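# An overview of the molecular structure
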Amino acid sequence: MATVTSLIGLINKIQRACTLLGDHGGQGMSLWEILPSVAVVGGQSSGKSSVLESVVGRDFLPRGSGIVTRRPLVLQLHKTESGTEYAEFLHAPKKRFTDFVAVRKEIADETDRITGKTKQISNIPIHLSIYSPNEGQSETIVEDIENMVRTYVEKPNCIILAISPANQDIATSDAIKLARDVDPSGERTFGVLTKLDLMDKGTNAVDVLEGRAYRLQHPWVGIVNRSQADINKNVDMILARRKEREYFETSPDYGHLASRMGSEYLAKLLSEHLELVIRQRIPSIIALINKTIDELNAELDRIGRPIATDGGAQLYMILELCRAFDRVFKEHLDGGRPGGDRIFGVFDNQLPAALKKLPFDRYLSLKNVQKVVTEADGYQPHLIAPEQGYRRLIDGAISYFKGPAEASVDAVYYVLKELVRKSIAETQELKRFPSLQTDIATAANESLEKFRDESRKTVLRLVEMESSYLTADFFRKLNAEPEKNLNPSDKKKNAEPDKNPNQSHTGDRLNESYLRRIGSNVNAYIAMVCDTLRNTMPKAVVYCQVKEAKRSLLTNFYAQVGSREKERLSAMLDEDPQLMDRRIQIAKRLELYISARDDIDAVCWK
């Protein structure tokens, strides 16, 4: 059987987990909507603060004339093993208050920080935890207060502590009116009658306390708070409770009710009811705690677990992050992600278009052919065929292929560089490490530049190979069909003078038909070379750049990282401070939820 103290402690633990990151709801039901809470409500100066202090056993709430409490106070009580008593506010988590006069001042100051000093009210709660071994206003102020209170007492998990002063008619009690409105069955309402010692002589509140004047499902509890003189004298709560017990035990009106009167009895009554409510809600609480734990673990996985301090573990983590990036990069190239198809576009569209635009028509014009062939002969005319002219024309034409070759290399380089950038951005594991992102980008781009240089050398070598050795069979076939490339008019025009296709006559050193035949022959050979390069250049580029990028993009980086000192590894794994704070908060909250779940399981099985 669970004890009241242990279950209340669990509620405090779970509520602290809820408040740690401001978990007051959201999509679906939150723990705040399941966990029971106690709302102290009542008219102005009805003794709400005094009752709350009596239950807590500490003097910590602001006091004064008019409306002093202008923000909800969410109070959590924690039982400690040591004798030290202190308080903590959620808005100042690293500051402990051991002076409860300072607690009172902080409540007032925090209220003013939100509402200002114009006596406005706010429904933003102040969260206060107490650790102890002992357990000018607006015209709509009334409406504002009621709306604020309703946001709390309307919730089905809220236990209403309705405070009414005994020296006023219970029928006009603001607290009872509100409780009746939001809790018509009375299951959540506890009636508290204050100021019994201030009633006129000859009158008493026995009818109310015994349920005849106004009946509640739970019994009424009478409270005798400290007098203003006691407060001024700083009479502590232990003495105040003793005087309260003596009042009821010696009272001729309430002596027969003394066993169920007073702040100590009220605290016991509330604890027992809380235990009952908690037991009823435990299945729902456990289910929601488990759901929250799963969500927190998923959030930690998303933002990343804490970084190890050991150098070997840090090196392993860096290498794992690099491999994660490498996987994403390869997915782009292999089609798992978009972007790699742009490399195919270079070979299928850009390269053919560039080859098609090469100025071979201008280069092999009659005028340029005559110029090149004539210059190749020097001062002596060729006797059989202008071999040197042919070679010079072919060399000059093939040199045009260098431009498209280098352009293809550069185009693939820029595609790969963009894929590196996209892959870094899409690697979720890297998002928390901006310095490592920069290091990986730098290393990858350096490798791509090296691959580009090697690829450029290879494709230029392919072009140079075509001009270094000409295909003899091609020209033998041309000689076997000398007039294949001439049009009918040229054949008729040159039938007599050009019986020998390799000779040039008619008085001119090189006649027009002969030059046209040379240009046509060279053009046919260049077309053959173009077809060859159109196929071989993409192969060279893929082999030197794409394949190498897949195989060894970060090889040099791995070698550099492996030789770095621990300090440099730590610098690579720097994080956004806000992300680090977020992880710490989530981890604390997760620890609290797991601990609360384990404690609930342990208590429920006792």
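Rules and cut-offs
- Residues numbered from 1 in each chain as written.
- Predicted model: local features only at pLDDT ≥ 70, side-chain atom pairs only at ≥ 80, totals over all residues.
- Heavy atoms only, no water.
- Helix = DSSP H or I, 4+ residues; strand = E, 2+ residues; numbered from the N terminus.
- Buried < 20%, exposed > 50% of the residue type's maximum accessible area, 1.4 Å probe, protein only.
- Areas by Shrake-Rupley, 256 points an atom, 1.4 Å probe, with all protein chains shown as cover.
- Contact = heavy atoms within 4.5 Å.
- Core = buried A, V, L, I, M, F, W, Y, C linked by side-chain atoms within 4.5 Å.
- Pairing = 2+ DSSP bridges.
- Axes fitted to C-alpha atoms, helices over the stretch in contact; angles between N-to-C directions.
- Salt bridge = Lys/Arg side-chain N within 4 Å of Asp/Glu carboxyl O.
- Expected span 1.5 Å × (residues − 1).
- Arc of directions from axis to C-beta.
- pLDDT = per-residue confidence, 0-100.
- Phe/Tyr/Trp six-rings, centres within 6.5 Å; stacked < 30°, edge-to-face > 60°.
- Lys NZ or Arg CZ within 6 Å of the ring centre and 35° of its normal.
- Bend = angle between axes of the 7 residues up to and from the residue.
- Parallel < 35°, antiparallel > 145°, perpendicular 65-115°, else oblique.
- Left-handed = near helix turned anticlockwise from the far one by under 90°.

So, on to the overall build of the chain. Looking only at helices and strands, the chain has 23 helices and 8 strands in total. The burial tally for the chain puts 46% of its 606 residues in the buried class. Accessible area of the chain: about 31700 Å², with a carbon and sulfur share of 51%.

Attention now moves to the environment of Ile 293. Assignment of secondary structure puts Ile 293 in helix H10 (residues 263-303). When its relative accessible area of 4% is taken as the criterion, Ile 293 is described as buried. When the C-alpha positions of Ile 293 and Ile 594 are compared, they lie 7.2 Å apart, and in sequence the two are 301 residues distant. When neighbours within four sequence positions are excluded, Ile 293 is seen to be in contact with Leu 590, Tyr 593, Ile 594 and Arg 597.

What follows is about the environment of Val 192. Residue placement: Val 192 occurs in strand S7 (residues 189-194). Here Val 192 falls in the buried class, since its relative accessible area comes to 0%. For Val 192, the residues in contact, after removing those within four places along its chain, are Val 51, Leu 161, Ala 162, Ile 163, Ser 164, Trp 220, Val 221, Ile 223 and Leu 266.

The biggest cluster of nonpolar side chains holds 70 residues, and the ones touching the most others in it are Phe 401 and Leu 436. With residues near it in sequence (within four places) discarded, Leu 436 still touches Ile 318, Leu 321, Leu 430, Phe 557, Met 572 and Leu 573.

The next point concerns the sheet that holds strand S8 (residues 221-222). As summarised here, the arrangement of the 4 strands in space is S1-S6-S7-S8, forming an open sheet in which the pairing is parallel. The outermost strands of the open sheet, each flanked by one partner alone, are strand S1 (37-42) and S8. Across 2 bridges, the pairing between S7 and S8 is parallel. Note that in S8 the partner of Leu 193 across the bridge is Gly 222. Where helix H6 (residues 174-182) meets the sheet, its contacts fall on S1, strand S6 (158-165) and S7, and the angle it forms with S6 comes to roughly 150°. Those strands touched by H10 are S6, S7 and S8, and its axis lies near 155° from that of S6.

Moving on to the environment of Leu 296. Relative to the elements of secondary structure, Leu 296 occurs in helix H10. Counting along the chain gives 287 residues from Leu 296 to Arg 583, while the straight-line C-alpha distance between them is 9.8 Å.

Opposite charge on two side chains makes pairing possible when the charged atoms of those side chains draw close. For the coordinates displayed, the defined rule picks out 28 salt bridges. Residue Arg 150 is joined to Glu 154 by a salt bridge in which the shortest nitrogen-to-oxygen separation is 3.7 Å. For Arg 150, a relative accessible area of 18% puts it in the buried group. Here Glu 387 makes a salt bridge to Arg 391, at a shortest N to O gap of 3.3 Å. Highlighted residues: Glu 387 and Arg 391, both in helix H15 (residues 387-398), separated by 4 residues, approximately one helical turn. Each member of the salt-bridge network shares a partner with another, and the members are Glu 406, Asp 410, Asp 453 and Arg 456.

Here we take up helix H9 (residues 237-250). For an α-helix the count is 3.6 residues per turn, leaving residues at separations of three or four pointing the same way. Compared with the 20 Å implied by 1.5 Å per residue over 14 residues, the 20 Å span of H9 between its first and last C-alpha is a close match. Of all the residues in H9, the buried ones are Met 237, Ala 240, Arg 241, Glu 244 and Phe 248. Across the axial projection of H9, the buried residues extend over an arc of 100°, all falling on one side. Opposite its buried face, H9 presents the exposed residues Ile 238, Glu 249 and Thr 250, each directed more than 90 degrees away.

Side chains Tyr 86 and Glu 88 of strand S3 (residues 86-89) all project onto a buried face; the interleaved residues Ala 87 and Phe 89 project onto the opposite face, where all are buried too. Here S3 runs beside strand S5 (residues 126-132); their pairing, made up of 4 bridges, is antiparallel. When the sheet's bridge partners are listed, Phe 89 is paired in S5 with Leu 128. Bridge count between S3 and strand S4 (residues 92-97): 2 bridges; the pairing is antiparallel. The partner of Ala 87 across the bridge, within S4, is Phe 97. Connecting S3 to the next strand, S4, in antiparallel fashion are 2 residues.

Positive phi outside glycine occurs at Lys 195, with the angle close to 60°. Position of Lys 195 among the secondary structure elements: in the loop between S7 and helix H7 (206-209). With relative accessibility at 25%, the residue Lys 195 sits in the partly exposed group.

This part takes up the pairing of S5. Burial of S5 is extensive: 7 of the 7 residues sit out of reach of the surface. Going residue by residue along S5, you find Ile 126, Leu 128, Ile 130 and Ser 132 tucked away on one face and His 127, Ser 129 and Tyr 131 tucked away on the opposite face as well.

Below, the discussion takes up the confidence of the model for the chain. For the chain, the mean per-residue pLDDT works out to 81, and 82% of the residues sit at or above 70. The weakest mean pLDDT in the chain belongs to helix H19 (residues 488-493) at 48; the strongest belongs to helix H16 (residues 402-426) at 97. pLDDT under 50 marks residues 491-507. Its contacts with residues more than four places away, or in other chains, come to 26 contacts.

For the structure shown, the criterion picks out 9 aromatic pairs. Chaining the aromatic ring pairs together yields one cluster made of Phe 360, Tyr 363, Tyr 400 and Phe 401. One Lys or Arg, Arg 96, reaches over the ring of Tyr 86 and ends 4.0 Å from the middle of that ring. Taking the ring centre of Tyr 413 as reference, the NZ or CZ of Arg 452 above it sits at 3.9 Å.

What follows covers helix H20 (residues 512-552). In this model, H20 (41 residues) spans 57 Å end to end at C-alpha, consistent with the 60 Å of a helix rising 1.5 Å per residue. For H20, the principal kink sits at Val 542 and spans about 40°.

Before going further, it helps to spend a moment on the packing of helix H11 (residues 311-334) against H16. It is the contact of H11 with H16, at a shortest axis distance of 9 Å, that shows an interaxial angle of 130°. The angle between H11 and H16 falls in the class oblique. Every pair of crossing elements has a handedness; the one defined by H11 and H16 is right-handed. Contacts between H11 and H16 pair Phe 325, Val 328, Phe 329, His 332 and Leu 333 from the former with Leu 416, Leu 419, Val 420, Lys 422, Ser 423, Ile 424 and Glu 426 from the latter.

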